[in-house]
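Summary of the model geometry
One letter stands for each residue in the lines below.
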Amino acid sequence: MWRCTAMLRRAAGGMQACGSRTLGARRRAGTITVLANGSWSMEFQVSDDVLVAEYDLPSKLDPSKAVGDFFDPLSERVRSGPTPHFDLASTESLRRAACTLKLFDDLRSHGEKLVAEERAMEAIALITSNWVILGGAELPLMTITAQRSWRDRAPAAGAVVMGLLGPLAWIPGVLGINEVIMRRVDMYGGLSKKTPSGLDLAKATFRHHIARSIYASPWKVDLQEVYSVQGDASEDDLRGAIVEGRHMDLVSGSFRPEL
């Protein structure tokens, strides 16, 4: 059950309640909607008809819940018809919404499969990619972005400083950074004796904790290149399928992410 958070956060003008609120200095001015659960808190706003989803990285996650909890608020918001591209009032907007929901299903399925294989860190690295969803090469529909704090970026910043200080700082620096990162991986349930590939774990860990703290390249998905909607589906068929969670019955195609 999704709810707007009642948690208070500090802003430039004092304390403000989450729900529908005015953005702080770090984000664009405007009113946003917050949907939260035990794992994630998603903040949604509309900018130039694009649905913008942003979230902070949690300090701890239960991998058995984290993947599903990530996509539930995204799906809920798309179903609400928040932008002209997703307003559910035209055939095109209904088709875009159905395909976007199918993309979330595919990512959820792949992420949960990784978790089941004791590859939780790889799953977290996948779902927290910098997603850009397109409805054609020149039509951005939605972005999903992690807002990394200075705490999140500290290992990457430490690596840069260590490089500037020279060889004498490398060994203690590497040991310190590795300790911090491994503690965070463990808090995500990412350390397991049954991990199929230590190399894949290391790559996912570096990508999530170091590389993306410096630059998170966008992962663009063009819905028109991946999915197609059943040709004879009427607007009522699509609308009912979207609301009831039966969109996959009318959408063919599958997104297979490769990290």
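Quantities reported herein were computed from a predicted structural model and do not represent experimental measurements.

Considering every residue of the protein, the mean pLDDT works out to 83; 80% of them sit at 70 or more. Strand 1 (residues 8-11) is the least confidently modelled element of the protein, averaging 31 in pLDDT, while strand 7 (residues 130-134) averages 98, the highest of any element. Across residues 1-29 the pLDDT falls below 50, and counting only partners more than four positions away or on other chains, this stretch makes 62 contacts in the model.

Our next topic: the side chain of Thr 83. Locating Thr 83 in the fold gives a position in the loop between helix 1 (63-79) and helix 2 (91-116). Sequence-distant contacts of Thr 83, that is, excluding residues within four places in its chain, are made with Val 46, Asp 49, Val 50 and Leu 51.

Below, the discussion takes up helix 3 (residues 120-127). Within helix 3, eight of the eight residues are buried, which leaves the element mostly enclosed by the surrounding structure. Buried within helix 3 we find Ala 120, Met 121, Glu 122, Ala 123, Ile 124, Ala 125, Leu 126 and Ile 127.

As a further point, take the pattern of salt bridges. Side chains bearing opposite charge may pair, as long as their charged atoms lie close to each other. As enumerated under the stated definition, the model contains eight salt bridges in all. Across the salt bridge formed by Glu 122 and Arg 119, the nearest N and O atoms sit 2.7 Å from each other. Several salt bridges converge on common partners, so that one network encompasses Lys 113, Glu 117, Arg 119 and Glu 122.

Cut-off values and rules
- Residues numbered from 1 in each chain as written.
- Predicted model: local features only at pLDDT ≥ 70, side-chain atom pairs only at ≥ 80, totals over all residues.
- Heavy atoms only, no water.
- pLDDT = per-residue confidence, 0-100.
- Helix = DSSP H or I, 4+ residues; strand = E, 2+ residues; numbered from the N terminus.
- Contact = heavy atoms within 4.5 Å.
- Buried < 20%, exposed > 50% of the residue type's maximum accessible area, 1.4 Å probe, protein only.
- Salt bridge = Lys/Arg side-chain N within 4 Å of Asp/Glu carboxyl O.

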